Amino acid sequence: MKYKKTVAVTVLIGVFFYFTYPIYQFYTHKHKAPMLTPWGYESLPQNAPQNSKVYQPHFTNTAEKALHRIGQHRAAINAPGLSIAVAIKQELVWAGASGWADVATNTPMTPNTIVRIGSTSKALTATGLARMVQAQAISLDRPLSAIFTELPNQAWADITPRQLASHSAGMPHYKENTDYYGLLKSITLNGHYKNVDDAVRLFDGSETLSAPGEKFYYSSLGTVLLSAAMQSSVETTYQQWMQEQVLAPLAMHSTLPEQPLPSSHHPQKDQQVATFYWQEKGEQRRVRKWRDVDLSHRLAGGGWLSTSKDLVKLGQGFMDNNFIATSIKDEFWTPQILNSGKANHQNYGIGWRVHTLSLGDDEEVTYAHHGGVSKGAQSFLVVVPKYKLSVALNINSNTEEFHEFSSIVGEIIRLFIAERKTQIKENAEGDLGIARPL
């Protein structure tokens, strides 16, 4: 009898640990609880490998400067690895990397290393939405009650795809989800959802935060609901639409869900998925692997993986009038208006934020962008339409503030635009027959 009681108690403790440990891990990785295990840390080596490939020879000197700065930046923010790419006028110009994709195996980060892109997934989903609008398969202002055969939540009846894509639908973000089972699953991150409709069930019982169009509330769950609305508008899955209408046409062969569906493409032999890392606050030289997670429940809003090279193709594609009509592009890159008649405070368009960047010499340019923070990774994609330029930066760890990671991008943009201006000037002088100094 005593033996049976011991076994029963052991089993109960094991079951309790099995169900509660993922929750505890969630809080440790949020720096809100101590990491229990002192092992598992890896020291970052002193001498970081660097990788660079210049695709347009006249940018060679600029690329060398950019790679040097990327190396300095990686060291300054104590990142395991960084990758970056620049494209101009539908051509890849340069791709580089600094540091390690995997520290334990001393595997260098390269431009082909695949990284979680977090909420940069929203710009990817917005591109699929733009293609759907262009195909007249969906209307941005049609209410969800007219899109879904069976509406998951009657409170969503008057919400439109435009409001979901611009975060003005009143949808909750992860922690505001009052569907408590879904909230728990978004903490444990141990469930897999093959169909986006299944992911919607994690928050279809949640309360909304405001009436549609009243306020701006950033919501990845709203983007997941958008992907379900997209899926309900065409005779295919969200993933298949993205593959056929965005990834394949733009040759984004390294962009995929973290756990690909059978019909999805898998990484090629020359590609690898980075190891994702966690750091203690203030820790300078040590990292540890991020806990195992499944991000399929947030695919459209934060679950895709990609490379910097693929992301600049996305930026170039959005600027290509043959891929997305000018009128649609302009609409997506216009800050959306709330019911009050005012633009939202984040200058958020339809799946993109829109701001201005100073280039110096009294020149300011408009740029569209989206960043993402994921589990052990961050991403930033910027598009500068005036110069037909796109830049993407990725990292396989988190910084305390996103700006610590992304701040280098403005400098890289200025470097390449300065070279682009020089080329434009030289071409113009050549066309006018003006002699150039030797």
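What comes next concerns the included structure. Please read all numbers here as calculations on a predicted model, not as lab measurements. (Residues numbered from 1 in each chain as written. Predicted model: local features only at pLDDT ≥ 70, side-chain atom pairs only at ≥ 80, totals over all residues. Heavy atoms only, no water.)

The next point concerns the overall build of the protein chain. When helices and strands are tallied, the protein chain shows 13 helices and 15 strands. When the 438 residues of the protein chain are sorted by exposure, 54% land in the buried category. The long-range fraction of contacts in the protein chain, counting pairs at least 24 apart against all pairs at least 6 apart in sequence, stands at 70%. (Helix = DSSP H or I, 4+ residues; strand = E, 2+ residues; numbered from the N terminus. Buried < 20%, exposed > 50% of the residue type's maximum accessible area, 1.4 Å probe, protein only. Contact = heavy atoms within 4.5 Å.)

Once that is clear, we can look at the nonpolar core. If you look at the biggest cluster of nonpolar residues, it comprises 67 residues, and the most contacted ones within it are L129, L144, W156, L225, F332 and W352. Discounting chain neighbours no more than four positions away, the residues touching L129 are I138, L140, A165, L226, M230, F332 and I350. The next biggest cluster of nonpolar side chains, apart from the first, holds 32 residues, and it includes A79, Y367, F405 and I408. (Core = buried A, V, L, I, M, F, W, Y, C linked by side-chain atoms within 4.5 Å.)

Along helix α8 (residues 238-247), the residues that are buried comprise Y238, Q239, W241, M242, V246 and L247. Angular distribution of buried residues about the axis of α8 spans 155 degrees; they occupy a single face of the element. (Arc of directions from axis to C-beta.)

Glancing now at a positive patch on the surface. Together, K30, K32, K175 and K281 make up a region of like positive charge exposed at the surface. Along the polypeptide, K281 turns up in the loop between β9 (277-278) and β10 (286-289). (Patch = residues over 30% accessible without salt bridge, like charges linked within 9 Å, V, L, I, M, F, W, Y side chains within 5 Å. Areas by Shrake-Rupley, 256 points an atom, 1.4 Å probe, with all protein chains shown as cover. Salt bridge = Lys/Arg side-chain N within 4 Å of Asp/Glu carboxyl O. Lys, Arg positive; Asp, Glu negative; His and termini not counted. Charge placed at Lys NZ, Arg CZ, Asp CG, Glu CD.)

Position of T307 among the secondary structure elements: in the loop between β11 (304-306) and α10 (308-319). A relative accessible area of 2% means that T307 is categorised as buried. Every residue in contact with T307, bar those within four places of it in the chain, is listed here: P111, N112, T113, I114, S254 and N394.

Further remarks concern the packing of aromatic side chains. Applying the stated criterion across every chain, the model contains 12 aromatic pairs. Pairing W156 with F203 gives two aromatic rings, centres 5.8 Å apart and planes at 40 degrees, and the pair type is tilted. With a gap of 47 residues between them, W156 in the loop between α3 (121-134) and α4 (161-165) and F203 in the loop between α6 (196-200) and α7 (220-233) connect regions that are remote in the sequence. Here the two residues W156 and F203 agree in accessibility, since each one is buried. Taking 6.5 Å as the distance between ring centres and 65 degrees as the angle between the ring planes, the aromatic pair formed by Y218 and Y348 counts as edge-to-face. Residue Y218 is found in the loop between α6 and α7, and its partner Y348 is found in the loop between α11 (326-332) and β12 (353-360); the two are separated by 130 residues along the sequence. Of the residues examined, Y348 reaches a relative accessible area of 0% and is grouped as buried. What links up through ring pairs into an aromatic cluster is the set F318, F332, W333 and W352. The positively charged end of R286 is found above the aromatic ring belonging to Y41, 3.9 Å away from the centroid. (Phe/Tyr/Trp six-rings, centres within 6.5 Å; stacked < 30°, edge-to-face > 60°. Lys NZ or Arg CZ within 6 Å of the ring centre and 35° of its normal.)

Now for the sheet that holds β11. Strand order in the open sheet made by the 4 strands is β7-β11-β6-β8, with mixed pairing throughout. Each edge of the open sheet carries a strand with a single partner, namely β7 (256-257) and β8 (272-273). The pairing of β7 with β11 spans 2 bridges and is antiparallel. Opposite L256, over in β11, you have L305 as the bridge partner. (Pairing = 2+ DSSP bridges.)

Attention now goes to the sheet that holds β10. The strand order across the open sheet built from 3 strands is β1-β10-β9, with neighbouring strands paired in antiparallel fashion. Only two strands of the sheet have a single neighbouring strand rather than two, namely β1 (41-43) and β9. Bridge count for β1 against β10 is 3 bridges, and the pairing is antiparallel. Counted as the bridge partner of Y41 is R288 from β10.

Using the criterion set out here, one finds 8 salt bridges in the structure. For K386, the salt bridge identified is with E363, shortest N-O distance 2.7 Å. You can see K386 sitting in the loop between β14 (377-384) and β15 (389-395) and its partner E363 sitting in strand β13 (residues 363-374), a full 23 residues away along the chain. Residue classification places E363 among the buried positions, given a relative accessible area of 13%. For the salt bridge of K421 with E363, the shortest nitrogen-to-oxygen distance reads 2.4 Å. Of this pair, K421 sits in helix α13 (residues 408-431) while E363 sits in strand β13, and the two are 58 residues apart along the sequence.

Along helix α5 (residues 180-188), the residues classified as buried are G182, K185, S186, I187 and T188. Once α5 ends, the next one or two residues include L189, with phi positive near 55 degrees.

To continue, consider the pairing of strand β6 (residues 113-116). Across the two faces of β6 the burial is the same, with T113 and V115 and I114 and R116 all buried. As paired elements, β6 and β11 share 2 bridges and run antiparallel to each other. Looking at β11, one finds that V115 is bridged to S306.

Following both chains from N to C, one finds α3 and α8 inclined at 80 degrees, their axes separated by 9 Å at the closest point. Looking at the two axes, α3 sits roughly perpendicular to α8. Contacts between α3 and α8 involve L124, T125, T127, G128, R131 and M132 from the former and Y238, W241, M242, Q245, V246 and L247 from the latter. Here the residues of the contact of α3 with α8 are counted per class, giving 7 nonpolar, 4 polar and 1 charged. (Axes fitted to C-alpha atoms, helices over the stretch in contact; angles between N-to-C directions. Parallel < 35°, antiparallel > 145°, perpendicular 65-115°, else oblique. Nonpolar A, V, L, I, M, F, W, Y, C, P; charged D, E, K, R; others polar.)

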